[in-house]
Amino acid sequence: MAQFIVRRLLQSIPTLIGASIIIFLIFALAPGDYVTRQFENPKMTPERMEQLRALYGLDKPLPERYVSWAGNMLRGEMGDSLMFKKPVISVINDFIWNSFLLGVAIMFFEWLIASIIGIYSAIRQYSVFDAIATLIIFMLYSLPSFFLGLLLLKIFAVDLRWFPVGGMITTGSNYTGWAHIMDVAKHMVLPVATLTLISVGGLSRYFRTNMLEVIKQDYIRTARAKGLKERTVIFKHALRNALLPLITLFTLEIPSLFAGAMITERIYNWPGIGKVVLQAIYVRDYPLFLGYTMLITVLTILANILADVLYGIADPRVRLK
Amino acid sequence: MSEPLIEVKNLKKYFPIRGGILQRTIGYVKAVDGVTFTINKGETLSLVGESGCGKSTVGRTIIRLYDKTDGEVFYKSIPIHNLKKNELRKLRPKMQLVFQDPFSSLNPRLRVGDAIGEALLDHGLISRNELRDKVIETMEICGLAPYHVDRYPHEFSGGQRQRIGIARALILDPEFIVLDEPVSSLDVSIQAQIINLLMDLQQQKGLTYLFISHDLSVVEHISTRVAVMYLGNIVEMASRDELFDHPLHPYTQALLSAVPIPDPDLKRERIILEGDIPSPANPPKGCKFHTRCPLAKDICREQVPEYKDVGGGHFVACHLV
Ligand SMILES: Nc1ncnc2c1ncn2[C@@H]1O[C@H](COP(=O)(O)OP(=O)(O)OP(=O)(O)O)[C@@H](O)[C@H]1O
Ligand code: SF4
Ligand SMILES: [Mg+2]
């Protein structure tokens, strides 16, 4: 096991280098840079712009820029964010936990609802419930997040005024303790609902398909023939096997907890990393964008290794070498 | 001495065929289309016929792994399709099933000992302390070693897995076991071992078997009586010797003519059946066999032949007999 993990970690080094080059190039080769974005006013002289470029290190040739950036990354220095004028690491730290909070809530509801709908549709295949669930899921599935986000915002925040229109806390309030928690929770409802509704469909289909696949296996008939309680048949025999492929899916979703949701955070003005990174892209704040992207890349690679390890533990047929 | 254990009366099992986006029922596969037979205590009734003729469906419906479409099944005069779910569950241990495919019939995530023992515990037939000894004892009876108890199914060969399947049925102390092609996926040398195990167990415990097979040499070895199925119906049933020596139905004659005879002087003329097996969703009118029967007459295309006793418990359904 330890050997497997070490080998996988070593194997991921080239992946990481390759990914860093691609990410760097995409960002560097995109038209415009921080200087053109920041000082789009006619009074700006070309000389002054060149000076600023030299200041931010944007005037050097690409390979040199890459090597110096990658070298810093290796030493754990992500540099300073151009727009926040402070270390990238502290910008990320300021915002990522807000995204994490949303992400965990979404993941919780997404998996809870999807498992219930998926399992129930599978054990009642062809029932009215199954048909209606399928229909609703495909409708939700096809909605873009900005549309559903704005729709919920209009109905529940603007018209009905049940929930705040945006932000994470009520502006000007100074709640502490329980009141603070309730305030944040209220602000979370709409963004969490938006993202849960959008993701729950796909996941519940996974649950349904896997359950259906397992339920028709002979060992489920064996379990029934033994006269086990239907609950035992479904949960102990069927679900435990149907969950196997979902372990991988679950683990691979972990990095997204930290990635933030750019569009939805923007719509609900949630102070998360997604919203900040969207802004960073817009103003070409390359140290912040690159730092964030590399962080997510590393998390994704780690999640892949974790997924394999967990699968190996859960499925006795798999032995990790 | 011939006391009936299982009585099956005009049993039918139709599977819905679904189609269209709404998955509505657009027809039925008449997998079992009215079969009547009795299995006496302590005997082995074999069910033979080509693939898809409904043998497995009969086996599964008489122990109510499938709900019937029509007809009746009695176990010791108990109409098992009328039982409530919990009454049925209590009766399950008495009627067991061994599947053809020893790979898919064992839950991959369940240790062998648990697979064999779990139902005893679930039915409250044993205490946790006694369980392990009982499991190991049963495993030894079935030719498995005690140290196998903590292994997972994938670590075993096909023959060993079939022993596990037999052990898990046997431990419940059943009276009746449906053996659904228990050896057809095994090597010939292993087949003999498993057949001998099954025959020994039957002798020691007075078990009653429904033995499903399409291998007539195995059937000749193990059976007390034999029933021949074609497209969801029994076309002929008789004691083993009677059926092998005096087959009356043209289909039985054709099946038997394909069995190799050990004595080279005794030549049997091989009857080759023309054409494919018709679909059980749309079976031929009259005698279902008329599309392939070398002796078919006009009446065969119109009228369903009566299934009648021609003497001494030899039943046959053919206009010519
Ligand atoms: N669960 C099911 N749903 C729909 N159709 C089924 C189902 N099980 C069996 N059938 C159909 O019923 C018919 C009889 O199948 P069955 O498995 O009983 O045949 P069999 O005689 O056991 O064949 P084999 O020798 O291949 O095992 C086949 O046409 C099959 O496709
Ligand atoms: S009834 Fe006619 S078609 Fe059917 S088996 Fe007899 S002879 Fe053949
Ligand atoms: Mg079968």
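Each remark here, short or long, concerns the structure printed above.
Below or above, wherever it landed, is the structure these notes cover. Quantities reported herein were computed from a predicted structural model and do not represent experimental measurements.

The rules behind the values
One numbering rule holds for all chains: residues counted from 1, following each sequence as written. All chains are assigned letters beginning with A, and all ligands numbers beginning with 1, in the order in which they are written. Local features in a predicted model are, by the rule used here, given only for residues with pLDDT of at least 70; side-chain atom pairs are given and counted only at 80 or more, and totals for whole chains, interfaces and linings are based on all residues. Processing note: side-chain calculations cover all non-hydrogen atoms of the structure and skip hydrogens and water entirely. Every helix listed is a DSSP run of H or I at least four residues long, and every strand listed is a run of E at least two residues long, numbered separately from the N terminus. Here the radius of gyration uses the C-alpha set of atoms, whereas the globule reference equals 2.2 Å times the residue count to the power 0.38. Whether two residues touch is decided by their heavy atoms; if any such pair falls within 4.5 Å, the residues are in contact. Each accessible area is a Shrake-Rupley result for a 1.4 Å probe, and residues are judged covered by the shown protein chains and nothing else. His residues and chain termini do not enter the charge count, which takes Lys and Arg as positive and Asp and Glu as negative. Here the site of a charge means NZ on Lys, CZ on Arg, CG on Asp, or CD on Glu. The term buried area means the drop in 1.4 Å probe accessible area that two parts suffer when joined, counted for both and summed. Here, a salt bridge means any Lys or Arg side-chain nitrogen found within 4 Å of an Asp or Glu carboxyl oxygen. It suffices for a single heavy atom of a residue to lie within 4 Å of a molecule or strand for the residue to be listed as near it. Pairing of N or O atoms within 3.5 Å defines a polar contact, subject to two protein rules: one partner must be a possible hydrogen donor and the other a possible acceptor, and residues neighboring in sequence count only if both atoms are side-chain atoms. In this analysis, rings of Phe, Tyr and Trp, with Trp reduced to its six-membered ring, are considered paired at centre separations within 6.5 Å, and the interplanar angle assigns stacked below 30 degrees, edge-to-face beyond 60, and tilted for intermediate values. Partly exposed describes any residue whose relative accessible area lies between the buried limit of under 20% and the exposed limit of over 50%, with all areas from a 1.4 Å probe on protein chains only and scaled to the type maximum. Lines are fitted to the C-alpha atoms to define the axes, a helix being fitted only along its stretch in contact, and any angle between axes, read from their N-to-C directions, falls within 0 to 180 degrees. Reported orientations rely on four angle classes, namely roughly parallel under 35 degrees, roughly antiparallel over 145, roughly perpendicular from 65 to 115, and oblique for the rest. In a left-handed crossing the near helix is turned counterclockwise from the far helix by less than a right angle, and in a right-handed crossing that turn is clockwise. Lys, Arg, Asp and Glu make up the charged group, whereas Ala, Val, Leu, Ile, Met, Phe, Trp, Tyr, Cys and Pro make up the nonpolar group; the residues left over, Gly among them, are polar.

With that out of the way, let us pick up the overall build of chain B. Across its full length, chain B carries ten helices and twelve strands. Over its C-alpha trace chain B gives a radius of gyration of 21 Å, about what one expects of a compact globule, namely 20 Å for 321 residues. With respect to the principal axes defined by its C-alpha atoms, chain B has extents near 70 × 60 × 45 Å. Counted over contacts in chain B with a minimum sequence separation of 6, partners at least 24 positions apart contribute 62%. Of the roughly 15,000 Å² that chain B leaves accessible, carbon and sulfur atoms contribute 49%. The positive charge centre, built from 39 side chains, and the negative charge centre, built from 40, are 7 Å apart in chain B.

Below, the discussion takes up the interface of chain B and chain A. With 27 residues of chain B at the contact, the number on the chain A side is 21 residues. Interface area for chain B against chain A, summed over the two sides, is near 2,400 Å², with a carbon-plus-sulfur share of 53%. For chain B, the biggest contributors to the area lost against chain A are Pro108(B), Arg109(B) and Glu118(B); these three give 27% of the whole. One can count four salt bridges joining chain B with chain A. As a salt-bridge pair, Lys229(A) and Asp122(B) come within 3.7 Å of each other at their nearest N and O atoms.

With that settled, the discussion passes to the site of ligand 1. Residue and element names in this part refer to chain B. The full set close to ligand 1 counts 14 residues, and Ser51, Gly52, Lys55, Ser56 and Thr57 are the nearest of them. In this structure, Gly52 approaches ligand 1 through a main-chain N or O atom, which is 2.7 Å from an oxygen atom. With respect to ligand 1, the backbone of Lys55 contributes an N or O atom lying 2.9 Å from an oxygen atom. Protein contact buries 65% of the 630 Å² of open area that ligand 1 shows by itself. Those elements that place two or more of their residues in the shell around ligand 1 are β2 (24–40) and α1 (55–62).

Glancing now at the packing of aromatic side chains. Residue and element names in this part refer to chain B. Considering all chains together, one arrives at 19 aromatic pairs over all chains under this definition. With a centroid separation of 5.1 Å and 65 degrees between ring planes, the pair formed by Tyr251 and Phe289 is classed as edge-to-face. Of this pair, Tyr251 sits in helix α9 (residues 250–257) while Phe289 sits in the loop between α9 and α10 (298–302), placing them 38 residues apart in sequence. As far as the burial class goes, Tyr251 and Phe289 line up, both buried. For the ring pair Tyr307 and Phe315, a centre distance of 5.4 Å and an interplane angle of 20 degrees mean the geometry is stacked.

All names here are of chain A. Following both chains from N to C, one finds helix α7 (residues 145–159) and helix α8 (residues 177–215) inclined at 140 degrees, their axes separated by 9 Å at the closest point. As far as their axial angle goes, α8 and α7 are oblique. Classified by chirality, the crossing of α8 by α7 is right-handed. Contact with α7, carried on its side by Ser145, Leu148, Gly149, Leu152, Leu153, Phe156 and Ala157, involves Leu190, Ala193, Thr194, Leu197 and Ile198 of α8 and no other residues of that element. Split by residue class, the contact of α7 with α8 holds nine nonpolar, three polar and no charged.

Another aspect to go through is the environment of Leu22(B). Structurally, Leu22(B) is set in the loop between β1 (4–19) and β2. With 213 residues separating them in the primary sequence, Leu22(B) and Val235(B) have C-alpha atoms 38 Å apart.

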